[in-house]
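So the chains spell out like this:
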Amino acid sequence: MSDRVGNVSRTRYEQLVAEARELVAQVAKAQFGLGDKALEIEPMRPVGGSMAKGTEELFTVEESLQMFADDIGVALSTVMDWRWVSSRWPAGKRKDGVSWTVHKILASIPEEAERWVAIEDAPFNSRSGKRQWTTDGAKRLVGQQVDRPVTVEEKVRAVRDLTRDDEVAVKVTASLLSRPETASALPAADRVRVVKELTRDDEVATHVTSELLQRPRVARQTMRNDDTRFTVNRAQFDNSEETREKIRDRVPAVRQIEHTIEYLDLVGSCHQYVATLGRLVPRMRDQEFTEDERETIRRGIAKVRGAADWLEAAIDSGQFTLDEQLAQLLKGE
């Protein structure tokens, strides 16, 4: 233990504490005395209560106490505090050696009997090594926010109170998330939830996704998911189509060139399919197929027939969209 406290020796510090306790006791006595006087001027009344019948109420409670406050030179709120604490602690229940502030905190205990018992049971003070009342000890007992948080729960509550303002919360959140050790201590589910909340904005999500997919291991594992892979492929197709559309708008001749190429590819595919069948089918003479082989070929024929029907309908209707029906056909569903 240090031999000095602040600018004084330990011995002198103990003398000052003893003297201060005497002063605090005198202050408490004065505050209770002032509260008793305010209580005499305006006794506590039930909610909605009024003066007894037969009396003429010249002043409201606030007017009377405001006059008293003005005449003794203090704020009305101070007089109200004195009056209320005195009403909660009758003269015979006030604890010597305990500050008026602690009495005020414990005054919030609703039940009188519980209040009387509570003030007799001072909590242990780890700093002094003895049982004694402090304001934090009293606040902790009644569930109020302490001035010097000790437990994790108290610290979390203090942070919540300090970050009620959105601007403060934003800065604190940014600071905490920039600490790798803090982020890594969060369970995976909580980290996922945080990322989801922070990437609700499409612009932010785009930047984050782009950076994540540049990490080979992340990209590889991500693309193992069928839904993700389908979405990415569809996005690539849409982006390519958008690019081609811009080129077509700038160079009209491109559209006609593409039409010619795609027309020739389509006709060539049909010819190639027919030629392939013309080459393979005759060679199958005298071959025996198992039932499983025949069923596999039938499924293939069904796909071909479906694709041909889709192509014919598209040419007749002019609707060439890659719709759900075609997607199911290509998946073999």
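Residues numbered from 1 in each chain as written. Predicted model: local features only at pLDDT ≥ 70, side-chain atom pairs only at ≥ 80, totals over all residues. Heavy atoms only, no water.

Asker: Please provide a residue-by-residue account of the overall build of the chain, values included.
Answerer: Each helix and strand in the chain was counted, giving 16 helices and four strands. Taken over C-alpha atoms, the radius of gyration comes to 42 Å for the chain, far larger than the 20 Å a tight globule of 333 residues would show. Along the longest, intermediate and shortest principal axes, the C-alpha atoms of the chain span 115 × 65 × 50 Å. Burial statistics for the chain: of 333 residues in total, 15% are counted as buried. Within the chain, counting contacts between residues at least 6 apart in sequence, those at least 24 apart form 34% of the total. Entry remark: accessible area of the chain is about 25600 Å², with carbon and sulfur atoms responsible for 55%. For the chain, the distance from the average site of its 51 positive side-chain charges to the average site of its 57 negative ones is 7 Å. (Helix = DSSP H or I, 4+ residues; strand = E, 2+ residues; numbered from the N terminus. Rg over C-alpha atoms; globule rule 2.2 N^0.38 Å. Buried < 20%, exposed > 50% of the residue type's maximum accessible area, 1.4 Å probe, protein only. Contact = heavy atoms within 4.5 Å. Areas by Shrake-Rupley, 256 points an atom, 1.4 Å probe, with all protein chains shown as cover. Lys, Arg positive; Asp, Glu negative; His and termini not counted. Charge placed at Lys NZ, Arg CZ, Asp CG, Glu CD.)

Asker: Let's hear about a nonpolar patch on the surface: which residues, and what values?
Answerer: A cluster of nonpolar residues, Tyr273, Val274, Leu277, Val281 and Val304, forms a patch on the protein surface that exposes about 420 Å² of accessible area. When residues in the nonpolar patch are grouped by element, the largest group, three residues, is from helix 14 (residues 252–280). You can see Val274 is positioned in helix 14. (Patch = residues over 30% accessible without salt bridge, like charges linked within 9 Å, V, L, I, M, F, W, Y side chains within 5 Å. Salt bridge = Lys/Arg side-chain N within 4 Å of Asp/Glu carboxyl O.)

Asker: Outline the side chain of Ser64, supporting the account with residue identities and numerical values.
Answerer: With respect to the helices and strands, Ser64 occurs in helix 2 (residues 61–72). There is a polar contact of 2.9 Å between the side chain of Ser64 and the side chain of Glu42. (Polar contact = N/O pair within 3.5 Å; in protein donor to acceptor, adjacent residues only side chain to side chain.)

Asker: So what's going on with the packing of helix 13 (residues 226–250) against helix 14? Which residues, and what values?
Answerer: It is at 4 Å that the axes of helix 13 and helix 14 come closest, and there the two elements cross at 120°. By the angle between their axes, helix 13 is oblique relative to helix 14. Listed contacts from helix 14 to Arg244, Glu245, Ile247, Arg248, Asp249 and Arg250 of helix 13 are Pro252, Val254, Arg255 and Glu258. Considered class by class, the residues forming the contact of helix 13 with helix 14 number three nonpolar, no polar and seven charged. (Axes fitted to C-alpha atoms, helices over the stretch in contact; angles between N-to-C directions. Parallel < 35°, antiparallel > 145°, perpendicular 65-115°, else oblique. Nonpolar A, V, L, I, M, F, W, Y, C, P; charged D, E, K, R; others polar.)

Asker: Kindly report on the nonpolar core, identifying the contributing residues and their values.
Answerer: In this structure, Val79, Trp89, Leu106 and Trp133 are the most contacted members of the largest nonpolar core, which totals 24 residues. Every element with two or more residues in this core is listed here: helix 1 (10–41), helix 2, helix 3 (76–88), helix 4 (100–106) and helix 5 (112–120). (Core = buried A, V, L, I, M, F, W, Y, C linked by side-chain atoms within 4.5 Å.)

Asker: Account for the packing of aromatic side chains, with residues named and values stated.
Answerer: Scanning the entire structure with this criterion turns up one aromatic pair. Where Trp89 meets Trp116, the ring centres are 5.4 Å apart and the plane angle is 55°; that geometry is what we call tilted. Separated by 27 residues along the polypeptide, Trp89 in the loop between helix 3 and helix 4 and Trp116 in helix 5 bring together distant segments of the chain. Trp116 carries the same exposure label as Trp89, and that label is buried. (Phe/Tyr/Trp six-rings, centres within 6.5 Å; stacked < 30°, edge-to-face > 60°.)

Asker: Describe the pattern of salt bridges, and please don't skip the residues or the numbers.
Answerer: Using the criterion set out here, one finds 14 salt bridges in the structure. For Arg140, the salt bridge is made with Glu154, and the minimal N-O distance between the two is 2.4 Å. Of this pair, Arg140 sits in helix 6 (residues 135–142) while Glu154 is found in helix 7 (residues 152–162), placing the two residues 14 residues apart along the sequence. The class of Glu154 is buried, set by a relative accessible area of 13%. For Arg294, the salt bridge is made with Glu291, and the minimal N-O distance between the two is 2.8 Å. Placement of both Arg294 and Glu291 in helix 15 (residues 291–317) is noted, with a separation of three residues, approximately one turn of the helix. Classification of Glu291 as partly exposed rests on a relative accessible area of 46%.

Asker: I'd like a rundown of unusual backbone geometry, residues and numbers included.
Answerer: Even without a glycine there, the phi angle at Asp286 is positive, about 70°. Here Asp286 lies in the loop between helix 14 and helix 15.

Asker: Describe in detail the packing of helix 2 against helix 3, supporting the description with residues and values.
Answerer: Following both chains from N to C, one finds helix 2 and helix 3 inclined at 110°, their axes separated by 9 Å at the closest point. Taken together, the axis directions place helix 2 and helix 3 in an arrangement best described as roughly perpendicular. On helix 3, the residues that touch Val61, Glu62, Leu65, Gln66, Phe68, Ala69 and Ile72 of helix 2 are Leu76, Val79, Met80, Trp82 and Arg83. Grouping the constituent residues of the contact of helix 2 with helix 3 by class yields nine nonpolar, one polar and two charged.

Asker: Can you break down the confidence of the model for the chain residue by residue, with the values?
Answerer: Chain-level pLDDT for the chain is 85 on average; 92% of the residues reach the 70-or-more range. Between the elements of the chain, mean pLDDT differs from a low of 62, seen in helix 16 (residues 324–331), to a high of 97, seen in helix 4. Taken as a whole, residues 48–56 scores under 50 in pLDDT and shows three contacts with residues more than four places along the chain or in a different chain. (pLDDT = per-residue confidence, 0-100.)

Asker: Could you give an account of helix 2, naming the residues involved and the relevant values?
Answerer: The periodicity of an α-helix, 3.6 residues per turn, causes residues three or four positions apart to be oriented the same way. The terminal C-alpha atoms of helix 2, which comprises 12 residues, lie 17 Å apart, in line with the 16 Å expected from a rise of 1.5 Å per residue. Of the residues making up helix 2, those classed as buried are Ser64, Leu65, Phe68 and Ala69. Seen along its axis, helix 2 keeps its buried residues to an arc of 135°; they face one direction. Of the residues in helix 2, the exposed ones pointing more than 90 degrees away from the buried face are Glu62, Asp70 and Asp71. The secondary structure elements touched by the buried residues of helix 2 are helix 1 and helix 3. A positive phi of about 80° marks Gly73, the residue just after helix 2. (Expected span 1.5 Å × (residues − 1). Arc of directions from axis to C-beta.)

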